[in-house]
Amino acid sequence: MIVVTGANGQLGRNFCRQLNATGLDRDKLDISDQASVAKVLGGLRPSVVVNCAAYTAVDAAEDDPATCYAINSTGAQNLAQVAAQHNALLVHISTDYVFGSNDSGSKDVADHPHQEHDAVSPESEYAKSKLQGERFAAQCPNHLILRTCGLYGVGGNNFVETMLRLAGQRSELSIVDDQICNPTSTATIVKATERLIAANQNGLFHVVNSGEMSWYDFAAEIFRQSNLDIKLTPISSEQFGAKAPRPRYSALDTKHYENATGDSIASIPTALAEYLETRKP
Ligand SMILES: NC(=O)C1=CN([C@@H]2O[C@H](COP(=O)(O)OP(=O)(O)OC[C@H]3O[C@@H](n4cnc5c(N)ncnc54)[C@H](OP(=O)(O)O)[C@@H]3O)[C@@H](O)[C@H]2O)C=CC1
Ligand SMILES: Cc1cn([C@H]2C[C@H](O)[C@@H](COP(=O)(O)OP(=O)(O)O[C@H]3O[C@@H](C)C(=O)[C@@H](O)[C@H]3O)O2)c(=O)[nH]c1=O
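What you see is a predicted model; the values in this text were computed from it and never measured.

Rules behind the numbers
Residues numbered from 1 in each chain as written. Chains lettered and ligands numbered in written order. Predicted model: local features only at pLDDT ≥ 70, side-chain atom pairs only at ≥ 80, totals over all residues. Heavy atoms only, no water. Helix = DSSP H or I, 4+ residues; strand = E, 2+ residues; numbered from the N terminus. Rg over C-alpha atoms; globule rule 2.2 N^0.38 Å. Buried < 20%, exposed > 50% of the residue type's maximum accessible area, 1.4 Å probe, protein only. Contact = heavy atoms within 4.5 Å. Areas by Shrake-Rupley, 256 points an atom, 1.4 Å probe, with all protein chains shown as cover. Lys, Arg positive; Asp, Glu negative; His and termini not counted. Charge placed at Lys NZ, Arg CZ, Asp CG, Glu CD. Polar contact = N/O pair within 3.5 Å; in protein donor to acceptor, adjacent residues only side chain to side chain. Near = heavy atom within 4 Å. Nonpolar A, V, L, I, M, F, W, Y, C, P; charged D, E, K, R; others polar. Salt bridge = Lys/Arg side-chain N within 4 Å of Asp/Glu carboxyl O. Core = buried A, V, L, I, M, F, W, Y, C linked by side-chain atoms within 4.5 Å. Disulfide = S-S within 2.5 Å.

K.L.:
For the overall build of the protein chain, give the residues involved together with the corresponding values.
P.N.:
A tally of helices and strands in the protein chain yields ten helices and twelve strands. Computed over C-alpha atoms, the radius of gyration of the protein chain comes to 18 Å, within 12% of the 19 Å expected from 2.2 N^0.38 for 281 residues, which places it in the range of a compact globule. Looking at the 281 residues of the protein chain, the share that counts as buried comes to 50%. Contacts in the protein chain between residues far apart in sequence, at least 24 positions, make up 80% of those at least 6 positions apart. A total accessible area of about 12,600 Å² is found for the protein chain, and carbon and sulfur atoms account for 47% of it. Taken together, the 23 basic and 32 acidic charged side chains of the protein chain have centroids lying 6 Å from each other.

Dropping the structure here:
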């Protein structure tokens, strides 16, 4: 049996749909509650636990780090302990935000995508909590940790949906153009997880759609594919003024995943086109 935590989130929903898994939303299982995790998973005895539960409000986490850590770090620890006890595979999802600044502490403007073994440097509370979560998840002997970026999926509160909503309200938008990453569809992550399990893999993998771009470029692609005529103005992160710091360059290298599975991951425009197609009425 496959169990998905955080089953009401955008990635959790996609996993449940695609894998015919048993979904546990927050009401059925609060992953920060150690006793509940032991009781619920001990009762179900799944062979695979896919952890999609997380505190994902990056800016809000700066004001409430305790809640963020309880879910993203302690929650992962609780799941890892119980999965290990029952010899289950723990699939855990992490983020490109574990990268951020370089060795000298200044903003990372690396000119090549980050590999799994590259030094991490999380800056925000969300990013630090996710890195701790990765380390706890890795304590489960049988684990897969997928780092990804800018997820969008059906039913989600994500950048693509935000852009399409704002396009209905305004004809001009200002979008940051100094954060480079690889926005990725939830469908890509579900498929990659299936491939990794089928290939009997274990460990940490970067999984993102190919072709790095700024949020400004991604917004332009969303409007181009949606035939929407929106005037876009590029702005800096400072001008946008978000509370939490974000990486300047967090593109991820997916060669390790591709070598392990033989799969080649769809490009950002292709994955976006597939997503836009699925949300058509
Ligand atoms: N969104 C993104 O751009 C990215 C996400 N990720 C990672 O991918 C994973 C999935 O994210 P995504 O689906 O986008 O996130 P969502 O915010 O869409 O979903 C997260 C889900 O977790 C639930 N949840 C929160 N706290 C708990 C808890 N204590 N116990 C059980 N469930 C809880 C939430 O419920 P409720 O709504 O009730 O709070 C929500 O349904 C996360 O690990 C995230 O860090 C990685 C990179 C990018
Ligand atoms: C709505 C909006 C956002 N932006 C910027 C803000 C931000 O830098 C960038 C992306 O905004 P979001 O709020 O979607 O991004 P953010 O919450 O930072 O997204 C992240 O989610 C977490 C959970 C992750 O793990 C990351 O991988 C990452 O993609 O776009 C604009 O420049 N203009 C706008 O009008």
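K.L.:
Report on the side chain of Asn182, specifying residues and quantitative values.
P.N.:
Structurally, Asn182 can be placed in the loop between strand S8 (180–181) and strand S9 (184–185). One polar contact links the side chain of Asn182 to the main-chain amide nitrogen of Leu252, over a distance of 2.9 Å. The residues touching Asn182, leaving out its near neighbours within four places in the chain, are Cys149, Val208, Asn209, Gly211, Glu212, Ser250, Ala251, Leu252 and Ile268.

K.L.:
An account of the site of ligand 2 is requested, with residue identities and associated values reported.
P.N.:
Around ligand 2 sit 19 residues, and of these Thr95, Asp96, Tyr97, Tyr126 and Arg246 come closest. The side chain of Thr95 places a nitrogen or oxygen atom 2.8 Å from an oxygen atom of ligand 2. Contact distances for ligand 2 include 2.6 Å between an oxygen atom and a side-chain N or O atom of Tyr97. For ligand 2, whose free accessible area comes to 720 Å², the fraction covered by protein is 81%. Breaking the shell around ligand 2 down by element, the ones donating at least two residues are helix H5 (159–167) and strand S7 (172–176). Take the shell around ligand 2: its biggest share by element is four residues, from H5.

K.L.:
Requested: an account of the site of ligand 1, with residues and values cited.
P.N.:
Near ligand 1 you find 22 residues, and of these Arg26, Thr56, Tyr126, Lys130 and Leu151 are the closest. Measuring from an oxygen atom of ligand 1, one finds a backbone N or O atom of Gly9 at 3.1 Å. Within the backbone of Ile31, one N or O atom sits 3.0 Å away from a nitrogen atom of ligand 1. Considered on its own, ligand 1 offers 910 Å² of accessible surface; in the complex 80% of this is hidden by protein. For the shell around ligand 1, the secondary structure elements donating two or more residues are helix H1 (10–19), strand S4 (89–95) and helix H4 (125–137). Along the lines of polarity and charge, the residues of the shell around ligand 1 split into eleven nonpolar, eight polar and three charged.

K.L.:
Pulling in residues and values, what's your account of the pattern of salt bridges?
P.N.:
Counted according to the given criterion, the structure contains eleven salt bridges. Between Lys243 and Asp63 there is a salt bridge, with the nearest N and O atoms lying 3.0 Å from each other. Of this pair, Lys243 sits in the loop between helix H8 (237–240) and helix H9 (255–261) while Asp63 sits in the loop between strand S3 (48–51) and helix H3 (65–85), and the two are 180 residues apart along the sequence. Grouping residues by exposure puts Lys243 and Asp63 together as exposed. The shortest N-O distance in the salt bridge between Arg248 and Asp178 comes to 3.8 Å. Taken together, the residues span a long stretch of sequence, with Arg248 in the loop between H8 and H9 and Asp178 in the loop between S7 and S8 at a distance of 70 residues. Owing to a relative accessible area of 14%, Arg248 belongs among the buried residues under this scheme. When salt bridges that share partners are traced, they join Asp178, Glu238 and Arg248 into one network.

K.L.:
Tell me about the nonpolar core, and name the residues and values.
P.N.:
Judged by nonpolar contacts, the single largest core of 31 residues is most densely connected at Val160, Met163, Phe218, Ile222 and Phe223. Those elements that provide at least two residues to this core are H5, S7, helix H7 (215–225), strand S12 (231–235) and helix H10 (268–278). For this core, the element with the most residues is H5, which contributes six residues. Counting 26 residues, the second-largest nonpolar core is a separate cluster that includes Leu29, Tyr55, Ala88 and Ala127.

K.L.:
Just give me the short version of the state of the cysteines, but keep the residues and values in it.
P.N.:
Evaluation of the coordinates by the stated rule reveals zero disulfides. The structure places no disulfide on Cys52, whose sulfur is separated from the nearest cysteine sulfur, that of Cys16, by 7.5 Å. With no disulfide of its own, Cys149 lies closest to Cys181 among cysteine sulfurs, the gap being 3.6 Å.

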